[in-house]
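Summary of structural features
Residue strings, one per chain:
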Amino acid sequence: MNKHHASHQQLQLRHLQRITPQQLRAFEATARRLSVTRAAEELHVTQPTVSVQLRELASAIGEPLLETQGRRIRLTQTGELLQQTIGELTACWQRFESRVGQVHGLVSGRLRVAAVTTAEYFVPDLVGPFAAAHPGVDIELLVENRDRVVERLQRGQDDLAVMMLPPTSIPLDSVMILNNPLVVIAPADHPAVGKRIRLSSLANDRWLMRESGSGTRQVALAHFADLGFEPRIAMSLGSNEAIKHAVASGLGVAVLSELAVTSGLLDKRARPTKRAKGEKSTRGSHGLAILDVSHFPIRRQWSIVWRKDQPQSVAAQRFVSYLTQLHERDGIR
Ligand code: PGA
């Protein structure tokens, strides 16, 4: 085929031949960090290497991509277009790899899952067997509180999210995966341990709450408000573990996901159901008890959610169907 018959696509590809993947990586890192030095650090090459790659790329494209403003650099309009195009190319390439995988019956690609902090007690256990069965899938698990996970969903940063209270302001699909009862915990030597008590009898206790932005806090406060109960809030703490330790050392009582409590610190003998009548509770490093309180546990569930307005990767589809199968096999507990 002579030159005149070369298709438009071939011409475009020939033009692309002058551009190397290294140049695109150098540009992408520089555009993202807005610093040649930091891009070079990230790519483990020297700064002059990045500068040369950027210069060659600009000359292949025929237009400047970056401009300096004082000591800072910023993208030119063409630079911005190129940054966007690299994003599209990457997504396009990921789709290609995932389709190739499908042809061979393999699933590959990146799977990014955001989980609320309370879900960290079980999500890794679910991810483990899936990862072993899908070695081509590169899984990133990120743990944040509810508000952070909602922000990430808003920006479409993850393939999937695990949470108790999916926001209604974002178009989401969801599948329920596990029950998440929220219980009242107290130090193991609390006078109410082993008794059936009314919530109002805890009105003079000091309550330790999760930080604002936490779904656990939101559900607990809404539940108290529904019951007309006003807890004496003594302190807010930024993690489930901090709450567990503070309660165990006698600082107060709290509402937490049962799963967060039953992993680790719980003194099994201090569970109301397991406790023999009249048995004395113990205090110390294992000093937590779940109280048997009226209107508790608060019955909630964890769901896996994803944006319905964004295409779902094959890896994400597989993960959802794996969770659904588990859920159908073991039932929601
Ligand atoms: P969080 O999670 O309390 O860790 O934010 C609870 C939830 O929203 O599921």
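Presented here is a report on the structure given in the accompanying data block. The structure displayed is predicted, hence computed values, not measured ones.

**Considerations on the overall build of the chain**
Counting its regular elements, the chain contains 11 helices and 12 strands. Buried residues in the chain amount to 43% of all 333 residues. At a minimum sequence separation of 6, the contacts of the chain that also span at least 24 residues come to 74%. When the accessible surface of the chain is totalled, it reaches about 18,700 Å², and 51% of it is carbon and sulfur.

**Here we look at the layout of surface pockets**
Roughly 780 Å³ of volume is contained in the largest pocket. Forming the walls of the largest pocket are 24 residues, and the residues nearest its centre are Ala-91, Gln-94, Arg-110, Asp-159 and Ser-313. Here the element with the most residues in the lining of the largest pocket is helix α5 (residues 77–103); it accounts for 8 residues. Looking at the lining of the largest pocket residue by residue, the class counts come to 5 nonpolar, 12 polar and 7 charged.

**Quick look at the packing of helix α3 (residues 36–43) against helix α4 (residues 47–61)**
Relative to each other, α3 and α4 sit at 110 degrees, their axes nearing to 8 Å. Viewed along their axes, α3 and α4 adopt a mutual orientation that is roughly perpendicular. Along the contact surface, α3 presents Val-36, Thr-37 and Ala-40, while α4 presents Gln-47, Val-50, Ser-51 and Leu-54. Classifying every residue of the contact of α3 with α4 gives 4 nonpolar, 3 polar and no charged.

**Brief notes about the nonpolar core**
Among the nonpolar cores identified, the biggest contains 60 residues, and Val-162 and Phe-319 are the most heavily contacted of them. Leaving out residues up to four positions away in the same chain, Phe-319 has contacts with Leu-111, Val-113, Leu-126, Val-127, Phe-130, Leu-160 and Ile-304. The next biggest cluster of nonpolar side chains, apart from the first, holds 20 residues, and it includes Phe-27, Ala-40, Ile-73 and Ile-86.

**A closer look at the site of the ligand**
With respect to spatial proximity, the complete set of residues near the ligand consists of Val-116, Thr-117, Thr-118, Asn-145, Arg-146, Met-163, Met-164, Arg-210, Ser-214, Gly-215, Thr-216 and Trp-302. For the ligand, an oxygen atom lies 2.9 Å from a polar atom in the backbone of Met-164. Taking Thr-216, its side chain carries an N or O atom lying 2.6 Å from an oxygen atom of the ligand. About the coverage of the ligand: the protein hides 100% of its 280 Å² of free accessible area. When atoms are counted within 2 Å of each cavity's grid points, the one that captures over half of the ligand is the largest cavity. Considered class by class, the residues forming the shell around the ligand number 4 nonpolar, 6 polar and 2 charged.

**Describing the packing of aromatic side chains**
Scanning the model with the defined rule gives 8 aromatic pairs in all. Between the aromatic rings of Phe-130 and Phe-319, the centroid separation amounts to 4.9 Å while the plane-to-plane angle is 75 degrees, which identifies the pairing as edge-to-face. With Phe-130 in helix α6 (residues 123–133) and Phe-319 in helix α11 (residues 314–330), this residue pair connects regions lying 189 residues apart in the sequence. Considered together, Phe-130 and Phe-319 belong to a single accessibility category, that of buried residues. By the ring-pair criterion, three or more aromatic residues cluster together here, those being Trp-207, Phe-224, Phe-229 and Phe-296.

**Some remarks on the environment of Val-143**
Topologically, Val-143 is positioned in strand β4 (residues 137–144). On a C-alpha basis, the gap between Val-143 and Glu-120 in space is 6.8 Å, while along the polypeptide they are 23 residues apart. In this structure Val-143 touches Ala-115, Val-116, Thr-117 and Glu-120, once residues within four positions along its chain are discounted.

What counts and how
- Residues numbered from 1 in each chain as written.
- Predicted model: local features only at pLDDT ≥ 70, side-chain atom pairs only at ≥ 80, totals over all residues.
- Heavy atoms only, no water.
- Helix = DSSP H or I, 4+ residues; strand = E, 2+ residues; numbered from the N terminus.
- Buried < 20%, exposed > 50% of the residue type's maximum accessible area, 1.4 Å probe, protein only.
- Contact = heavy atoms within 4.5 Å.
- Areas by Shrake-Rupley, 256 points an atom, 1.4 Å probe, with all protein chains shown as cover.
- 1 Å grid on protein atoms, 1.4 Å probe; cavity = no way out; pocket = protein on both sides within 12 Å on 5 of 7 lines; lining within 4 Å.
- Points joined across faces, edges and corners; volume = space filled by probe spheres on them.
- Nonpolar A, V, L, I, M, F, W, Y, C, P; charged D, E, K, R; others polar.
- Axes fitted to C-alpha atoms, helices over the stretch in contact; angles between N-to-C directions.
- Parallel < 35°, antiparallel > 145°, perpendicular 65-115°, else oblique.
- Core = buried A, V, L, I, M, F, W, Y, C linked by side-chain atoms within 4.5 Å.
- Near = heavy atom within 4 Å.
- Polar contact = N/O pair within 3.5 Å; in protein donor to acceptor, adjacent residues only side chain to side chain.
- Sits in = over half its atoms within 2 Å of the grid points.
- Phe/Tyr/Trp six-rings, centres within 6.5 Å; stacked < 30°, edge-to-face > 60°.

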